[in-house]
Amino acid sequence: MPVTLFEFFTRDRLGMDSQTFGLMFLLYFVSAILGIPFWLWLARRWSKHRAWCLAMLYASAVFAAVFALSQGDFAGFAVVSMLTGLAFGADLALPPAIQADVIELDRQRTGAARAGIFFAVWQVATKASIALSSGLALIALDAAGFVSRAVNGESALLVLTILYAGVPIVLKLAAVACICLLYTSD
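Residues numbered from 1 in each chain as written. Predicted model: local features only at pLDDT ≥ 70, side-chain atom pairs only at ≥ 80, totals over all residues. Heavy atoms only, no water.

**Considerations on the nonpolar core**
- If you look at the biggest cluster of nonpolar residues, it comprises 24 residues, and the most contacted ones within it are Leu5, Val66, Phe77, Leu160 and Tyr164.
- Of all the elements in the fold, those that place two or more residues in this core are α1 (2-13), α3 (48-63), α4 (74-110), α5 (115-143) and α6 (154-185).
- In terms of residue count, α6 provides more of this core than any other element does, 7 residues in total.
- Setting aside chain neighbours within four positions, we find leucine 160 in contact with Leu5, Phe8, Phe9, Arg13, Leu141 and Phe146. (Core = buried A, V, L, I, M, F, W, Y, C linked by side-chain atoms within 4.5 Å. Buried < 20%, exposed > 50% of the residue type's maximum accessible area, 1.4 Å probe, protein only. Helix = DSSP H or I, 4+ residues; strand = E, 2+ residues; numbered from the N terminus. Contact = heavy atoms within 4.5 Å.)

Put into structure tokens, the structure is as follows:
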């Protein structure tokens, strides 16, 4: 959802031009790449599940700062982009590593080589979640009266901010809760 709404949020909520928007996007992804070695190191020392949970909790805490940003707060958004980008490095590295562990465990338990099935299901679930979240976010924005590249009321901008930051925070916290329940049941 945040990737879908990134341009709307930066342009229509913060007032960024296309060049600044691009720099923020670049900062986010460069930070993610730079964060990967840390999260892999932490996963080796702690566990992949715990490291990923920590990354999601950290990202949620930092992302909450989005609610304090106002029109023209480019420096604040740069800090949020950099810090959440570092956490995104965990999202890039740890779920595939956990998936590889699950595939290996399945192979050991069943003797079947079903990696293709696992990857196919993972990709379908990923694409479906992207489509569903993007579609629902755009429908909700429309229902709130948000119009891109126009002057929007405070309520429409609040809905944009909630969809951009609030919903992902809630979803990350729910994911952490699910992982904690599954991890403690083993």
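There's more to say after this.
**What to know about the packing of aromatic side chains**
- Inspection of the entire model under this criterion finds 16 aromatic pairs.
- Aromatic pair phenylalanine 63 and tyrosine 164: ring centres 5.2 Å apart, planes at 55°, arrangement tilted. Of this pair, phenylalanine 63 sits in helix α3 while tyrosine 164 sits in helix α6, and the two are 101 residues apart along the sequence. With respect to burial, phenylalanine 63 and tyrosine 164 carry one shared label: buried.
- Through a chain of ring-to-ring contacts, the aromatic side chains of Phe6, Phe9, Phe21, Phe25, Tyr28, Phe29, Phe63, Phe77, Phe88 and Tyr164 assemble into a single cluster. (Phe/Tyr/Trp six-rings, centres within 6.5 Å; stacked < 30°, edge-to-face > 60°.)

**Examining the packing of α1 against helix α2 (residues 18-45)**
- One can describe the packing of α1 onto α2 by two numbers: an axis separation of 10 Å at closest approach and a directional angle of 140°. Between α1 and α2, the angle falls in the class oblique. When the axes of α1 and α2 are compared, the crossing they make is right-handed. Contacts between α1 and α2 pair Val3, Phe6, Glu7 and Thr10 from the former with Phe21, Met24 and Phe25 from the latter. (Axes fitted to C-alpha atoms, helices over the stretch in contact; angles between N-to-C directions. Parallel < 35°, antiparallel > 145°, perpendicular 65-115°, else oblique. Left-handed = near helix turned anticlockwise from the far one by under 90°.)

Such coordinate-based values are descriptive only and should not be taken to indicate function.
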